[in-house]
Amino acid sequence: KNEVEQSPQNLTAQEGEFITINCSYSVGISALHWLQQHPGGGIVSLFMLSSGKKKHGRLIATINIQEKHSSLHITASHPRDSAVYICATRTGNQFYFGTGTSLTVIP
Amino acid sequence: DVKVTQSSRYLVKRTGEKVFLECVQDMDHENMFWYRQDPGLGLRLIYFSYDVKMKEKGDIPEGYSVSREKKERFSLILESASTNQTSMYLCASSLWGDYGYTFGSGTRLTVV
């Protein structure tokens, strides 16, 4: 089983701030996902990573396979970024999820 | 636009009732999954299916069963609902591996 740890659990930021959410995992993986869940439940897949770095708009995700660590960065944060961000790893056919980071961006 | 649709957004059921949660995907995906999400515990896999009529237990299958008679539909069944099954239930589907992994919008089930 892969232990997936996220930090911080809760994060409050002022609009415009640069935000980092961290994810560490315990065993080798095939891929890592960053997911976004808005209030009300729907989950959207933001990134899938197996190495390096990906960028989509104001979102950047990085992964260091050797250190078993990934980060999600949000530049110029906005209140609409308020959501729960979940890190998930895939090992074989099994996904393992972190408990999520609840982000609130204040105008 | 690809979609995973869960039949109910909110559901209230009584203890002992048989409950069906339906999930339909329109992407011709092979794999379908049922998770429950609880505060502090994150998402936990209940069952998954990699083909019609095939199913595999996840981490917490007790008290649940599933049915996949058609490729696009994956049903989660609570044979006799209990209050500790009050939770958010999320369905997901994917092609093989990670490709196209997509979640539904969830069903918040309350068992009273």
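Residues numbered from 1 in each chain as written. Chains lettered and ligands numbered in written order. Predicted model: local features only at pLDDT ≥ 70, side-chain atom pairs only at ≥ 80, totals over all residues. Heavy atoms only, no water.

Chemist: Would you take a moment to explain the overall build of chain B for this structure?
Modeler: For chain B, the helix and strand inventory stands at 0 helices and 11 strands. Taken against the 2.2 N^0.38 rule, which gives 13 Å for 112 residues, the C-alpha radius of gyration of chain B at 13 Å falls within 12% of a compact globule. Once the C-alpha set of chain B is aligned to its principal axes, its extents read approximately 35 × 25 × 25 Å. Within chain B, residue pairs in contact and separated by at least 24 positions form 55% of the contacts whose partners lie at least 6 positions apart. Accessible area for chain B stands at about 5,500 Å²; split by element, carbon and sulfur atoms hold 51% of it. In chain B, which carries 15 positive and 15 negative side-chain charges, the distance between the mean positions of the two groups comes to 7 Å. (Helix = DSSP H or I, 4+ residues; strand = E, 2+ residues; numbered from the N terminus. Rg over C-alpha atoms; globule rule 2.2 N^0.38 Å. Contact = heavy atoms within 4.5 Å. Areas by Shrake-Rupley, 256 points an atom, 1.4 Å probe, with all protein chains shown as cover. Lys, Arg positive; Asp, Glu negative; His and termini not counted. Charge placed at Lys NZ, Arg CZ, Asp CG, Glu CD.)

Chemist: Explain the overall build of chain A here, please?
Modeler: Secondary structure assignment for chain A yields 0 helices and 11 strands. Radius of gyration (C-alpha) of chain A: 13 Å, near the 13 Å computed for a compact globule of 107 residues. In terms of principal-axis extent, the alpha carbons of chain A reach across some 40 × 25 × 20 Å. Taking all 107 residues of chain A together, the buried fraction comes to 46%. (Buried < 20%, exposed > 50% of the residue type's maximum accessible area, 1.4 Å probe, protein only.)

Chemist: Please clarify how the interface of chain A and chain B should be interpreted in this entry.
Modeler: It is common to report an interface's size as the accessible area lost on association of the parts. On the chain B side, the residues contacting the 17 residues of chain A number 17 residues. Contact between chain A and chain B buries roughly 1,500 Å² in total, counting both sides, with carbon and sulfur atoms accounting for 57%. The three residues of chain A that bury the most area against chain B are Ile43, Phe95 and Phe97 of chain A, which together make up 33% of that side's buried surface. Across the contact surface, chain A and chain B share 0 salt bridges. Our count for the chain A to chain B interface comes out at 1 residue pair in polar contact (both at pLDDT 80 or more). Put simply, the parts of the chain that give the side of chain A that touches chain B at least two residues each are β4 (31-37), β5 (43-49), β9 (83-91) and β10 (94-97) of chain A. Tallied by class, the residues present in the side of chain A that touches chain B amount to 7 nonpolar, 9 polar and 1 charged. (Buried area = accessible area lost by both parts, 1.4 Å probe. Salt bridge = Lys/Arg side-chain N within 4 Å of Asp/Glu carboxyl O. Polar contact = N/O pair within 3.5 Å; in protein donor to acceptor, adjacent residues only side chain to side chain. Nonpolar A, V, L, I, M, F, W, Y, C, P; charged D, E, K, R; others polar.)

Chemist: Got a minute to help me understand the sheet that holds strand β8 (residues 73-78) of chain B in this structure?
Modeler: Residues and elements named next belong to chain B. The sheet built from 4 strands is open, its strands ordered β1-β3-β8-β7 with antiparallel pairing. Bordering the open sheet on either side are β1 (4-6) and β7 (64-70), each of which pairs with just one other strand. Geometrically, the sheet is characterised by an average inter-axis angle of 20° between neighbouring strands, direction not taken into account. Sheet topology note: the β7/β8 ladder contains 5 bridges and is antiparallel. Residue pairing for β8: Ser65 is matched across the bridge by Ile77. (Pairing = 2+ DSSP bridges. Axes fitted to C-alpha atoms, helices over the stretch in contact; angles between N-to-C directions.)

Chemist: Would you mind going over the sheet that holds strand β3 (residues 19-25) of chain A with me for this structure?
Modeler: Neighbouring strands of a sheet are bound in pairs by backbone hydrogen bonds; such pairs are parallel or else antiparallel. All names here are of chain A. Overall, antiparallel pairing links the 5 strands, which are arranged β1-β3-β8-β7-β6 in an open sheet. Taken across any chain shown, the strands that pair with only one partner, and hence form the sheet edges, are β1 (4-7) and β6 (52-56). Ignoring which end each strand starts from, the neighbouring axes of this sheet average 15° apart. As defined by bridge partners, β6 adjoins strand β7 (residues 59-64) across 5 bridges and the pair is classed as antiparallel. Bridging across to β7, His56 finds its partner in Leu59.

Chemist: What is the right way to look at the nonpolar core in this model?
Modeler: Among soluble globular proteins, nonpolar side chains are generally buried collectively. With 23 residues, the main nonpolar core has Ile19, Leu32, Trp34, Leu46, Phe47, Leu72 and Tyr85 of chain A as its most contacted residues. With residues near it in sequence (within four places) discarded, Phe47 of chain A still touches Leu32, His33, Trp34, Lys54, Lys55, His56, Leu59, Ile60, Ala61 and Leu72 of chain A. Among the nonpolar cores identified, the runner-up in size contains 21 residues, and Leu21, Cys23, Met32 and Cys91 of chain B belong to it. (Core = buried A, V, L, I, M, F, W, Y, C linked by side-chain atoms within 4.5 Å.)

Chemist: Mind showing me how you'd approach the state of the cysteines here?
Modeler: Residues and elements named next belong to chain A. In total, this model carries 2 disulfides over all chains according to the counting rule given. Through a disulfide, Cys23 is tied to Cys87; the S-S separation comes to 1.9 Å. Judged by the sign of its S-S torsion, about -60°, the cystine formed by Cys23 and Cys87 is left-handed. Of this pair, Cys23 sits in strand β3 while Cys87 sits in strand β9, placing them 64 residues apart in sequence. The same class applies to Cys23 and to Cys87, which are both buried. (Disulfide = S-S within 2.5 Å.)

Chemist: Looking at this structure, I do not really get the environment of Thr62 of chain A. What am I missing?
Modeler: Relative to the helices and strands, Thr62 of chain A is located in strand β7. Residue contacts for Thr62 of chain A: discarding those within four places in its chain leaves Leu49, Gly52, Lys53, His69, Ser70, Ser71 and His73 of chain A.

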